[in-house]
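The lines below spell out each chain.
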Amino acid sequence: MPGIVVFGRRWGIASDDLVFPGAFELFIRVLWWIGTMILFTYHKGHFDCNGRGVLHSYVVGLLVVLALIILSLCAIVYVSAQGTITNSGPRRSIPALVYLRALLYIPELVWACLGAVWVSDDGRGCDPATVGAVIAAVVASWIILLFTVLGVVFVFDPLGNPRPQAATMEPLGVRDMESNEGTQFLSTARSLAVKVWESRLRLLCCCLPQDESHRAAFSSIAQLFGGFFSDTDLVPSDIAAGLALLHQEQDKMEQSRDPDIVVDHSPSSPIGEDLETELQKAAHCMQFAAAAYGWPMYIYSNLLTGPCKLSGDWSRAAEYDIVGGDHLGCHFSSILHSTGLQYRDFIYVSFHNQIYEIPFFVALDHKREAVLVAVRGTLSLKDVLTDLSAECENLPIEGVSGACYAHKGICQAASYIYKKLVNDGILNQAFSIAPEYKLVITGHSLGAGTASLLAILLRNSFPTLQCYSFSPPGGLLSKALADYSKDFVVSVVLGKDLVPRLSIPNMEDLKRRILKIVSNCSKPKYRILLQGCWYELFGGDPDDGPTEMDDRREEELSQPLLGEESLMIRHSSSYQSLASDDSPAHKAAHLPLFLPGRILHVTEDGPSRRSCFSKVRYRADWSNEMAFRSILISPRMLADHMPDAVLRALNSLTSERPFSLCPSSLNNSQHNTI
């Protein structure tokens, strides 16, 4: 539903978003009115103290003001609960009710001041209970007024100029948005959106130096965000409702799907290297990928013993002269504890962190006879800016035919590490110590994407290198580079992890599906959100409301929807009807990017919802990049990305020790199946 238009501008909430805040305030106001009425009845309308006339007027006036506010809130809650997300007709009176409610803040403010004056001047002669009640009423009034101001600031939309109404009178396909006036409006709106997003990024990253590289990153990210949100008129609650509906819809499809067949061997894997061998190698490398996060991950995984162990190493920080950007030595000490390596096994360790420059270390892994390069994942605002620099950058590789391009931010991070390893002679130093060792590169999340691109850059110089990429970003490589990397890169994805499915085309697809599903749902938004919260917390059967996937509406869904069109402010190449997913326009909206290498998908074996103390069983299957072309909505979509969760799952797959613990428990393995 488009944002509500009141006071001459559009706001970041819709007319059906007032049910929950209105009901909460209504509950508070009713209790307040009852308490005031009890006070008035107890004294029978006669207060025996100084300033009794002022107090009597205050209490009577407060009862009247509260009664009017309660009536206005009842009307707002009732009307806001009517209709559906796209059918706002039954809620057309909401702006008038909002104006009425806003007017009632004036007498409330006056009465709060009157009560404060009485307490300060005449309250000493009254009984303490009465004075306390008046003070509580005055304080409550000011608190509510304060939270109202904060709420207004929170829902304020900097792009809140009302949308032009003339264009909404015609169907989407025949709107004259190609006219000079329409083109100028869209161009101005997009420029304003980019400026607003750039200002938000500057405010969010105010602690970072505002140099040229950061300004360029802010600009490119702002253009990405401004372009992504510029063709829809959604408010955050619409997105939340759409995600709740999509989660239940995806669960229904998953329950009706036939069981997958487990593949023991990857079609692209060398002969003799089966699934179990790859899992053992992956579990070993994941220890280094997790260790690259330094002390935050070590403390998180060892809450009781971690701080004590690291504090004992502070006195030795001066010994670690090869460590950059680790003043107290905590990062390097945690790496020593996590990997079990000795100080002499490390060739180079750097915790230098800037945009497009991420920490990494090079060590000798004697157990696997490898020179191991581990790249850290996202752990700072600078890393987030690297992640969000998601436009494509050319990456020509000798011997690779086809279009070669990759994620810009990660590509530049890989180039930074490549120059360090090659130009500074770090790899030459490592192989001079252990010439018979092979090169292995690993990382998690941002580090996984960087490790994959680094492996591609080093492949021609080190033909036997291997890369283990854990939870890499989905929008990483072109198809040609993804196919090229299958000979030496293994990507490990846990469950419904969001990041390996995160790319600009997938986000456009998610936006399109949200538009579809909220447009076809016949329930009011408050019911969608309540049922969605219940489903997330307690499970149950997925809701069987009318949605985009129902067979009974398949024919209707092949046609454009008026409700859908009301959520679009301009025709977008990213938006097509559900029946046109394969249309050239939809495919050409953004350059496709894929996961690197062969993909090993680790999932929980059994029902998606289980008891906290039940045994966790995992299974591992070879998958392909096309299985990650859609974002899955799940409570586990972020938890499955955490490095400790990935490490725990891999350890459980390579061990036979049964444990009966919650999946959030750290440093334990569970019984597994492959």
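Quick notes on the rules
Residues numbered from 1 in each chain as written. Predicted model: local features only at pLDDT ≥ 70, side-chain atom pairs only at ≥ 80, totals over all residues. Heavy atoms only, no water. UniProt positions renumbered as here; feature names shortened; annotations may be inferred. Helix = DSSP H or I, 4+ residues; strand = E, 2+ residues; numbered from the N terminus. Contact = heavy atoms within 4.5 Å. Areas by Shrake-Rupley, 256 points an atom, 1.4 Å probe, with all protein chains shown as cover. Axes fitted to C-alpha atoms, helices over the stretch in contact; angles between N-to-C directions. Parallel < 35°, antiparallel > 145°, perpendicular 65-115°, else oblique. Left-handed = near helix turned anticlockwise from the far one by under 90°. Nonpolar A, V, L, I, M, F, W, Y, C, P; charged D, E, K, R; others polar. Buried < 20%, exposed > 50% of the residue type's maximum accessible area, 1.4 Å probe, protein only. Salt bridge = Lys/Arg side-chain N within 4 Å of Asp/Glu carboxyl O. Phe/Tyr/Trp six-rings, centres within 6.5 Å; stacked < 30°, edge-to-face > 60°. Lys NZ or Arg CZ within 6 Å of the ring centre and 35° of its normal. 1 Å grid on protein atoms, 1.4 Å probe; cavity = no way out; pocket = protein on both sides within 12 Å on 5 of 7 lines; lining within 4 Å. Points joined across faces, edges and corners; volume = space filled by probe spheres on them. pLDDT = per-residue confidence, 0-100.

The protein carries the name Diacylglycerol lipase-beta in an unreviewed UniProt entry, which gives Collichthys lucidus as its organism. Taken verbatim from the UniProt record of the protein, the Cofactor (unreviewed entry) comment is "Ca(2+)". The UniProt entry for the protein carries the following text under Sequence similarities (unreviewed entry): "Belongs to the AB hydrolase superfamily. Lipase family."

Visitor: Give me the overall build of the protein: which residues, what numbers.
Guide: Secondary structure assignment for the protein yields 24 helices and 13 strands. Taking as baseline every contact in the protein between residues at least 6 positions apart, the subset at least 24 positions apart corresponds to 72%. Here the protein displays about 31300 Å² of accessible surface, and carbon together with sulfur accounts for 61% of that area.

Visitor: Give me the lowdown on the packing of helix α14 (residues 408-423) against helix α16 (residues 446-458), citing residues and values where you can.
Guide: Direction vectors running N to C along α14 and α16 enclose 55°, while the axes themselves pass 8 Å from each other. By the angle between their directions, the pair α14 and α16 is classed as oblique. Along this stretch, α14 crosses α16, giving a crossing that reads as right-handed. Here I410, C411, A413, A414, S415, I417, Y418, L421 and V422 of α14 lie close against α16, whose contacting residues are L446, G449, T450, L453, L454, L457 and L458. Split by residue class, the contact of α14 with α16 holds 13 nonpolar, 3 polar and no charged.

Visitor: I'd like to hear about unusual backbone geometry, residue by residue, with values.
Guide: Residues other than glycine seldom take positive phi values, yet S445 does so here, at roughly 60°. Assignment of secondary structure puts S445 in the loop between β9 (438-444) and α16. Relative accessible area serves as the criterion here: at 8%, S445 is assigned to the buried category. Notably, S471 is not glycine yet its phi reads approximately 55°, a positive angle. Note on placement: S471 falls in the loop between β10 (466-470) and α17 (479-484).

Visitor: Could you give me a rundown of the pattern of salt bridges, with the residues and numbers involved?
Guide: In the structure shown here, the tally under the stated rule is 23 salt bridges. Here D424 makes a salt bridge to K420, at a shortest N to O gap of 3.9 Å. By relative accessible area, D424 is classed as partly exposed at 47%. In this structure K420 comes out as partly exposed when scored by relative accessible area, which is 24%. Each of D16, D17, R91, D238 and K525 takes part in one network of salt bridges that share partners.

Visitor: Give a detailed account of the packing of aromatic side chains, specifying residues and quantitative values.
Guide: Scanning the entire structure with this criterion turns up 9 aromatic pairs. With a centroid separation of 4.4 Å and 45° between ring planes, the pair formed by W534 and F538 is classed as tilted. Note that W534 and F538 are positioned in helix α19 (residues 525-538) at a spacing of 4 residues, about one turn of the helix. As far as burial versus exposure is concerned, W534 and F538 are alike and both exposed. Within the aromatic cluster, the residues linked to one another by ring pairs are F332, Y343, F346 and F361. When the ring centre of Y105 is taken as origin, the NZ or CZ atom of R101, which lies over that ring, is 4.0 Å away. K479 extends its terminal NZ or CZ atom over the ring of F594, reaching a point 5.4 Å from the ring centre.

Visitor: Help me get a handle on the UniProt feature "transmembrane region" (unreviewed entry) in the protein, residues and values and all.
Guide: Under the local residue numbering, the UniProt record ascribes the feature "transmembrane region" (unreviewed entry) to residues 20-42, 54-78, 98-119 and 131-156. Along residues 20-42 one finds 100% helix and 0% strand; the C-alpha atoms at either end are 33 Å apart. Across residues 98-119, helical content stands at 95% and strand content at 0%; the span's end C-alpha atoms are separated by 32 Å.

Visitor: Please set out empty space enclosed by the protein residue by residue, giving values where relevant.
Guide: In total, this model carries 2 cavities of 30 Å³ or more according to the counting rule given. If you go around the largest cavity, the residues you meet are G474, G475, P500, S503, N506, L593, F594, L595, E625, F628 and R629.

Visitor: With reference to specific residues and values, describe the confidence of the model for the protein.
Guide: For the protein, per-residue confidence averages 79 on the pLDDT scale, and residues scoring 70 or more make up 75% of the total. Confidence drops under pLDDT 50 across residues 546-565; counting only partners more than four residues distant or on other chains, this segment forms 44 contacts. Between residues 569-588, whose pLDDT stays under 50, and residues either more than four places distant or in other chains, the model counts 49 contacts.

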